[in-house]
Amino acid sequence: MMRILCLGGDGFCGWPISLHLSRAGHQIGIVDNLARRKIDLELETESLTPIRPIRERIDAWRDTTGQSIDYFDIDVAEQYDRLLAVVTAFQPDAIVHLAEQRAAPYSMKSSWHKRYTVSNNLNATNNVLAAVAESGRDIHIVHIGTMGVYGYATAGMTIPEGYLKVKVTVDSGEEIMHEILYPTSPGSIYHMTKSQDQLLFSFYNRNDGIRVTDLHQGIVWGTQTAETKLDSRLINRFDYDGDFGTVLNRFLVQAAAGHPLTVYGNGGQTRAFINIEDTVRCVRLAIESAPRPGERVRIFNQMTETFRVRELAELVASMTGARIAELPNPRVEAAENELKVDNSSFLGLGLDPIRLEVGLLEEIRDIARTYVNRCHEGKIACSSFWTEERRRQSQAAGAGA
Ligand code: USQ
């Protein structure tokens, strides 16, 4: 049994991760300032699924399983002293860090949203690391990072797990091998904060010996896990709006609502994906296989499959009869890219991936069609544009809000 703090434990990944670790016998404390719920108020939208308030969720978990979860309402980016007090009193063996603003479109909405995302995410990460260092305890930090730190230009090689082997010619003329952090090429302010997080982890790892596992996660699809299915009050969040909805989840709701599937550009973008059940298993595998003392930051690619956006749209269309619309891309990104990713670390730890073709039907039936009456169609269109030119192009084509 380990004691584990889950920062951001009320969110789409954090909630099912907390439940999975609790069910595995670990003692969990959730730290969350409910920022994600407050952003729903700002955007005048809400989860497609009827999520319950945090304390009701935690009570439902105790009623269902007999397991208790502690809850601390702390803004990790702003309330350092309270964070340090919880780290000192709870005495965690591990901290799962998801206390960051995670939507690329939200981070690009305006200069306020850019500044909020940078300030929130970088201060949160630095505060967690500083608190662990100040506590003097040996705490393994597991961070949910993103595949997006590598960028989405065709690399012409399999993307390695975090580090790139490079050959350099030193002054003596000798050629030597180095391993460096893979050069980042983030495609949004949000992805840029996760790129900068890597430097913070590297610094505190070298300076303070903090053990860190950084999980470069792909796009998560799916909603429920074995644990969130145990009681209707435990249901997980599902975003479909233009800012927080991710591509496949958006397509599923769009199909159920009779809305054309919103493919940006011609859908040539290749991305990495992972099912939410595999996400929670990966985090458990990462925690239960901690790095050795003195080991450099461990980086795993947390993804299982790659798809082109148009392949996903065609798959959903073939299963539902939905129409596909090609819209001007609100983002600045390559129209087409190839992507091959090394994910051998998790496969080596025993991950047996859930394939998209297996889980998709359940998502269409149990989530998209069941809750489609809660979908506000006006929230589907993208209302964030990477540049003014992108906004003008979308408005000229009659797309976007
Ligand atoms: N896309 C469409 N139509 C839509 C929505 C998106 O064609 O209606 C396209 C986008 O242009 C993009 C791709 O689908 O090329 C993926 O977009 P997304 O919104 O599903 O994912 P992204 O913005 O990259 O962010 C999500 C999560 C983020 C995570 C990231 C992993 O919000 O937290 O870090 O996936 S990754 O993409 O691997 O960097």
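Nothing here was measured: the structure is a model prediction, and the numbers come from that model.

(A) Main features of the sheet that holds strand β5 (residues 140-146). If you trace the seven strands from one edge of the open sheet to the other, you get β3-β2-β1-β4-β5-β8-β12, paired in parallel fashion. At either margin of the open sheet sits one strand with a lone partner, and together these are β3 (69-72) and β12 (298-302). With direction set aside, neighbouring strand axes in the sheet form an average angle of 20 degrees. Direction of pairing for strand β4 (residues 94-97) relative to β5: parallel, over a ladder of four bridges. Across the sheet, His97 pairs through a bridge with His143, a residue of β5. Packing of helix α6 (residues 111-135) onto the sheet brings it into contact with β1 (3-7), β4 and β5, and relative to β4 it is tilted by some 175 degrees.

(B) Just unusual backbone geometry, in detail. Although it is not a glycine, Leu34 sits at a positive phi angle of roughly 65 degrees. Inspection of the secondary structure assignment puts Leu34 in the loop between β2 (27-31) and α2 (35-43). Positive phi, close to 55 degrees, is recorded for Gln91, a residue that is not glycine. Within the secondary structure, Gln91 is located in the loop between α4 (80-90) and β4. Relative accessible area serves as the criterion here: at 41%, Gln91 is assigned to the partly exposed category.

(C) Representation of the environment of Ser22 within the structure. Relative to the assigned elements, Ser22 resides in helix α1 (residues 14-23). When its relative accessible area of 0% is taken as the criterion, Ser22 is described as buried. When neighbours within four sequence positions are excluded, Ser22 is seen to be in contact with Ile28, Trp61, Gln67 and Ile69.

(D) Fine view of the site of the ligand. As a structural note, the neighbourhood of the ligand is formed by 23 residues, with Tyr152, Tyr190, Val247, Thr262 and Glu333 the closest of them. Residue Tyr152 places a side-chain N or O atom 2.6 Å away from an oxygen atom belonging to the ligand. Contact distances for the ligand include 3.3 Å between an oxygen atom and a side-chain N or O atom of Arg271. For the shell around the ligand, the secondary-structure elements that each account for two or more residues are α7 (189-208), α8 (247-257) and β10 (261-264). The biggest single contributor to the shell around the ligand is β10, with three residues.

(E) Focus on the packing of α1 against helix α3 (residues 54-65). It is at 12 Å that the axes of α1 and α3 come closest, and there the two elements cross at 25 degrees. Taken as axis vectors, α1 and α3 run roughly parallel relative to one another. Seen from above, α1 lies across α3 with right-handed handedness. Between α1 and α3, the residues in contact are Trp15, Leu19, Ser22 and Arg23 and Ile54, Arg57, Ile58 and Trp61, respectively. Looking at the contact of α1 with α3, its residues break down into five nonpolar, one polar and two charged.

Conventions we followed
- Residues numbered from 1 in each chain as written.
- Predicted model: local features only at pLDDT ≥ 70, side-chain atom pairs only at ≥ 80, totals over all residues.
- Heavy atoms only, no water.
- Pairing = 2+ DSSP bridges.
- Helix = DSSP H or I, 4+ residues; strand = E, 2+ residues; numbered from the N terminus.
- Axes fitted to C-alpha atoms, helices over the stretch in contact; angles between N-to-C directions.
- Contact = heavy atoms within 4.5 Å.
- Buried < 20%, exposed > 50% of the residue type's maximum accessible area, 1.4 Å probe, protein only.
- Near = heavy atom within 4 Å.
- Polar contact = N/O pair within 3.5 Å; in protein donor to acceptor, adjacent residues only side chain to side chain.
- Parallel < 35°, antiparallel > 145°, perpendicular 65-115°, else oblique.
- Left-handed = near helix turned anticlockwise from the far one by under 90°.
- Nonpolar A, V, L, I, M, F, W, Y, C, P; charged D, E, K, R; others polar.

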